[in-house]
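# Chains, contacts and geometry: an overview
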Amino acid sequence: MTKLFLDPAEFSEDQLDGFVDLYSDRLTRVTGGVVTHPPKEPQVAVVVGGGSGHYPAFAGLVGPGFASGAVVGNIFTSPSAAHVYSVAKAANQGKGVILTFGNYAGDNMNFGIAAKRLNAEGIDTRIVVVTDDVASASTPKDRRGIAGDFTVFKAMSAAAAAGKSLDEVERIGRHANDMTRTMGVAFSGCTMPGATEPLFDVPQGKMGVGLGIHGEPGIKDETIGDAEEIADLLVSHVLDAVPSDAASDRVAVILNGLGATKYEELFLTYGKVAAKLRAAGLSIVEPEVGELVTSLDMGGISLTLMWLDDELEAAWHAEAYACGYRKSHAPLETLDPTAVSTATNEAEAELTEPEGDAVAVAEQVRRGIGIVAQLMKDQESHLGKIDAIAGDGDHGRGMVRGTSAAQNAVDKLVAKAGFTPSASDQLRTAGAAWALEAGGTSGVLWGAGLEAAAGTSTVAEGVAAFADTVQQLGGAQVGDKTLLDALIPFRDALGAGSSFSDAADVAVKAAAATSDLVPRKGRAAPLAEKSVGHPDAGAISFSMIAQRLAEEFTQEAN
């Protein structure tokens, strides 16, 4: 939701005031939008535009090497013909004007009227319409313009900056559009300034396939997939629409966030997209991942490909210093990636193959590690909710990362050895992997605790070593509302001769009792009062593990 505004009806104008002040080094405000400060040598003026709400498109693309001007309409609304005329006239440097925008009815009408007026006054004005959205129509000329605006604008702007003629800039723009394809999906709708509800809702568990950038929902709703599945959907749809006259297998790639999708999510998805493009035989050229053509706070992503030839590749490489986008050639010497060492410098320990009763113990440890990893996956959301009450909500995720890393490391150990190594070898390996991959406080404590337990001979000794290490490293005491509030009672019960199952029951009750405690350690301490009435996530996860292992191995014994 857009929360910061004055008069919602004046949002576009009000935000433009701050924008122009911020970037006064390279642009000037005129009626209807902004224009660059004139370059030393006059060039064709590339004027982009459309409604607001898409930053950095469109005003953010104004600056040296990119657009000469941008017409700024109201949110998702075509600017008026008068405003298009005003910006184009101010941007004109005597070499002619290109008006370029996405294929929407209002934009076609208003930019078209302005072009007629400019031509009537002797200012040679051409129009290049972007039609990249493969989901919106089967016929290219009928498609909407979405994130492919960026590649087309960039190609024309680079040509203009290189001093090419109006005819050439227009031709390159049309060629770039012919070579550009985009597909997008929406996870949530966007909310207009002053509104309390989004323009559309995406049903729970669904995604809108074939989104628009003016707050339109997708063409159809489909079950939302993970990053791999979404990457496959985007890539397959774009590759189904490969230009028939594509000149090479080299492509400029944009994975674009629509406004609410976080960069980390984009990076994750890009990795999957890149692998699929390469598997399809394509060579990726200077990919862009980030927010380039947005839709206020819409959750969603789009994939754009522009198939390159020598001309378009040169334009894609060209430098730019726009307000919301910069590209420059790296001034540093490029390093040879093959010279980077990935060695861990860790000596490989000699593994022990167990004998006699130790074989059954080793198998139990291996199975136990897998059981715990699955349990944490099942309980991730629950643990995260507990942790979020007075913490950062990451405990479930951290436990999943730690236990999964432990399981994977032990599986690799077994595969490499050709046998199930001793319980000590497995615990040592699991602890090191847990600490390495999970991070955070719990990762360090669990990792170090397991490594300490690896040096013992019995379950009770192992739990005692685990508890001592956790206490020493964490510096907490029983009553501080931490993992220790379940771990220490569990240790003490085992030490007093209780069965594992009975000790697990003690841990479960102790973990539940942390609801009455006030945290004195960790991230929950500053929000101590908020935590009262809710159990500690670390104590709960430990008690879950103890209880689950007790259930598994008690059943086996019976």
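Anyway, here's the lowdown on the structure attached to this text. Only a predicted model underlies this, so the values are computations on that prediction, with no experimental measurement involved.

### Brief notes about the sheet that holds strand β3 (residues 45-52)
- Spatially, six strands are ordered β1-β2-β4-β3-β5-β6 in an open sheet, and the strand pairing comes out mixed. Pairing within the sheet leaves two strands with one partner each, and these edge strands are β1 (27-30) and β6 (125-130). Taking the axes of each pair of neighbouring strands and ignoring which way they run, one obtains an average angle of 20 degrees across the sheet.
- With four bridges connecting them, β3 and strand β5 (residues 97-102) associate as parallel partners. Looking at β5, one finds that V47 is bridged to L99.
- Against the sheet, helix α4 (residues 149-161) engages β3, β5 and β6, with an angle of about 170 degrees to β5.

### Remarks on the side chain of R181
- Here R181 lies in strand β7 (residues 180-188).
- Side-chain polar atoms of R181 contact the backbone oxygen of D178, separated by 2.9 Å.
- If we skip the residues at most four places from it in the chain, R181 touches D132, V134, R143, V238, A241, P243, L303, T304, L305 and W307.

### A word on the packing of aromatic side chains
- Scanning the entire structure with this criterion turns up 14 aromatic pairs.
- Aromatic pair F150 and Y325: ring centres 4.9 Å apart, planes at 80 degrees, arrangement edge-to-face. On the criterion of sequence distance, the pair formed by F150 in helix α4 and Y325 in the loop between β13 (320-321) and β14 (326-327) is long-range, its members being 175 residues apart. Taken individually, F150 and Y325 each receive the classification buried, so the pair is uniform in this respect.
- Ring centres 4.8 Å apart and planes at 0 degrees place the aromatic pair W434 and W446 in the stacked group. Here the residue W434 occupies a position in helix α11 (residues 423-438), and W446 occupies one in helix α12 (residues 440-453), the gap between them amounting to 12 residues. Assigned by exposure class, W434 and W446 land together as buried.
- Taken together, the aromatic side chains of W434, W446, F466, F490, F500 and F542 make up a single cluster linked through ring pairs.
- For R117, the ring lying beneath its charged end belongs to Y85, and the centroid distance is 3.6 Å.

### A word on helix α13 (residues 459-474)
- If you check α13, its first and last C-alpha atoms are 22 Å apart, about what 16 residues at 1.5 Å a residue would give, namely 22 Å.
- Within the span of α13, buried status applies to G462, V463, A465, F466, A467, T469 and V470.
- Lining the buried residues of α13 we find α12 and α14 (484-495).

### Remarks on the pairing of strand β12 (residues 299-307)
- Of all nine residues that make up β12, nine are buried, and the element is covered over most of its length.
- Of the two faces of β12, the one carrying G299, I301, L303, L305 and W307 and the one carrying G300, S302, T304 and M306 are both buried.
- In terms of strand pairing, β7 meets β12 through eight bridges, oriented antiparallel. Along β12, the bridge assignment pairs G184 with S302.
- Summarising the sheet, strand β10 (residues 250-257) and β12 pair through seven bridges and their orientation is antiparallel. Bridge assignment links G257 to a residue of β12, and that residue is I301.

About the thresholds
- Residues numbered from 1 in each chain as written.
- Predicted model: local features only at pLDDT ≥ 70, side-chain atom pairs only at ≥ 80, totals over all residues.
- Heavy atoms only, no water.
- Pairing = 2+ DSSP bridges.
- Helix = DSSP H or I, 4+ residues; strand = E, 2+ residues; numbered from the N terminus.
- Axes fitted to C-alpha atoms, helices over the stretch in contact; angles between N-to-C directions.
- Contact = heavy atoms within 4.5 Å.
- Polar contact = N/O pair within 3.5 Å; in protein donor to acceptor, adjacent residues only side chain to side chain.
- Phe/Tyr/Trp six-rings, centres within 6.5 Å; stacked < 30°, edge-to-face > 60°.
- Buried < 20%, exposed > 50% of the residue type's maximum accessible area, 1.4 Å probe, protein only.
- Lys NZ or Arg CZ within 6 Å of the ring centre and 35° of its normal.
- Expected span 1.5 Å × (residues − 1).

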